Amino acid sequence: MPGSLRDSLNYASKWTLRKAWNAGLVYASYHWSKATKNAKHWGQPISLSIEPTTSCNLRCPQCPSGLRSFTRPKGMLQGDLFQQLIDDQAATLTYLTLYFQGEPFLNPDFLSMVKYASGKGIYTATSTNAHYLTDAVCDNIVQSGLDRLIISIDGVDQEAYGKYRLGGKLDKVLDGTRAMMNAKKRAKGKGPFVIWQFIVFAHNEHQLPDIKRLAKEYGIDQLAIKTAQIYDFEEGSDLLPQQEKYSRYEMVAAGFRIKNKLLNHCWRMWQACVITWDGLVVPCCFDKDATHRMGDLKQTNFKDIWNSVPYQNFRNSVLKGRSNIDICRNCTEGTKVWEA
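Every value quoted in this text rests on a predicted model; they were computed, and no experiment measured them.

Asker: Before we go on, may I ask you to explain the packing of helix 4 (residues 79–89) against helix 5 (residues 110–119) in this structure?
Answerer: Axis angle and axis distance: for two packed helices, these are the angle between their axes and the distance between the axes, and together they describe the pair. Relative to each other, helix 4 and helix 5 sit at 15 degrees, their axes nearing to 10 Å. Here helix 4 is positioned roughly parallel relative to helix 5, judged by the angle of their axes. Read as a crossing pair, helix 4 and helix 5 show a hand that is right-handed. Contacts between helix 4 and helix 5 pair Gly79, Phe82, Gln83, Ile86 and Asp87 from the former with Met113, Tyr116 and Ala117 from the latter.

Asker: Just to check I follow, could you spell out the pattern of salt bridges for this structure?
Answerer: Opposite charge on two side chains permits them to pair, given that their charged atoms come into close proximity. As enumerated under the stated definition, the model contains eleven salt bridges in all. Where Arg165 meets Asp154, a salt bridge forms, and the shortest distance between an N and an O atom there is 2.6 Å. On the criterion of sequence distance, the pair formed by Arg165 in the loop between helix 7 (158–164) and helix 8 (170–186) and Asp154 in the loop between strand 4 (148–152) and helix 7 is long-range, its members being eleven residues apart. Asp175 is the partner of Arg178 in a salt bridge, and the nearest nitrogen-oxygen pair spans 3.0 Å. You can see Arg178 and its partner Asp175 sitting in helix 8, three residues apart, about one turn around the helix. Judged by relative accessible area, which is 45%, Asp175 ranks as partly exposed.

Asker: Explanation requested: the packing of aromatic side chains in the structure shown.
Answerer: For any pair of aromatic rings, the description rests on two quantities: the centre-to-centre distance and the angle between the ring planes. In this structure the tally under the stated criterion is 13 aromatic pairs. Each ring, one from Tyr27 and one from Trp267, has its centre 6.4 Å from the other, and the planes form 70 degrees; the classification is edge-to-face. With a gap of 240 residues between them, Tyr27 in helix 2 (residues 17–36) and Trp267 in the loop between strand 8 (255–258) and helix 10 (268–271) connect regions that are remote in the sequence. Residue classification places Trp267 among the partly exposed residues on the basis of a relative accessible area of 33%. Plain terms: the ring middles of Trp32 and Trp42 are 6.2 Å apart, the flat faces sit at 55 degrees to each other, and that makes the pair tilted. A residue pair is termed long-range when its members are at least 10 positions apart, and Trp32 in helix 2 and Trp42 in the loop between helix 2 and strand 1 (47–50) qualify at ten residues. Look at Trp32 and you get partly exposed, because its relative accessible area is 46%. Joined through ring pairs, the aromatic side chains of Tyr11, Trp15, Tyr95 and Tyr123 make up one cluster. Here the basic side chain of Arg315 rests over the ring of Trp270, its NZ or CZ set 6.0 Å away from the ring centre. Seen from the ring of Tyr311, Arg315 lies directly overhead, with NZ or CZ sitting 4.0 Å from the centre.

Conventions used here
- Residues numbered from 1 in each chain as written.
- Predicted model: local features only at pLDDT ≥ 70, side-chain atom pairs only at ≥ 80, totals over all residues.
- Heavy atoms only, no water.
- Axes fitted to C-alpha atoms, helices over the stretch in contact; angles between N-to-C directions.
- Helix = DSSP H or I, 4+ residues; strand = E, 2+ residues; numbered from the N terminus.
- Parallel < 35°, antiparallel > 145°, perpendicular 65-115°, else oblique.
- Left-handed = near helix turned anticlockwise from the far one by under 90°.
- Contact = heavy atoms within 4.5 Å.
- Salt bridge = Lys/Arg side-chain N within 4 Å of Asp/Glu carboxyl O.
- Buried < 20%, exposed > 50% of the residue type's maximum accessible area, 1.4 Å probe, protein only.
- Phe/Tyr/Trp six-rings, centres within 6.5 Å; stacked < 30°, edge-to-face > 60°.
- Lys NZ or Arg CZ within 6 Å of the ring centre and 35° of its normal.

Shown next, in the form of structure tokens:
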């Protein structure tokens, strides 16, 4: 059975009648809100992202973790806060991304959290730079029940890879990938759906044919070609690729602008949200510094935050004018090109 089909069936197996009913409520409330320009919400989130840590071993120049530029507190997600959230949402939640900023495997309790969520029948996913994927860790990943593992790899040689992944070693990424694929073989195919994610920059776009060949050589389940998010993109950047297909931005007379037309609605605002390591609820993964705080799980129950007046006001602001919201102005609503 092809890996993508197996992954789809695995995700479908997480659904229950209650989860399907909730998803229907979310879908209906989203389209009602779009039509009426008045935010309503009748369900709970279908998916959540939660941040295991803000810490990272690399210094990528377009990443707050890499730049060490957060103004919000930094730290590690604690198990009690995580379990409280999962217990609260397990009946309706189908998809959990254990990643926001930072390198998840730096949290020593990370795989225990994965195992807890997986045991509740939730599809679990994460993203890693793969520098900590030893043979033993990969065996533990399989045992944790992690469903999807995204590995960042932005070059086929150290020069290209290291230009953006500052402090990173391509050999570690390749060794970690090999360890993960071997762990899946030892487990007779059990283990996460493995994706290589290749962000296209000016310095690596010529390597697209090579990364496709290398992905097949390593037996990767899927290759994701992703466009780069650039801060202060209006004046351009030497990171932007020449091939327009692989850029989030386009050149105009005044400089550069995002290709996204910023229509006044957003599915994410109804079906998902992000929770920082210390329990802050923010509306979207583009809010990397948690400036739009809808609530704090250390003080308020998640369901009360999800249906609160501040959250509804934010959804209404999206319906009235996304271009007026800072975190929306660099949003692309889908930035990967699935290649293999």
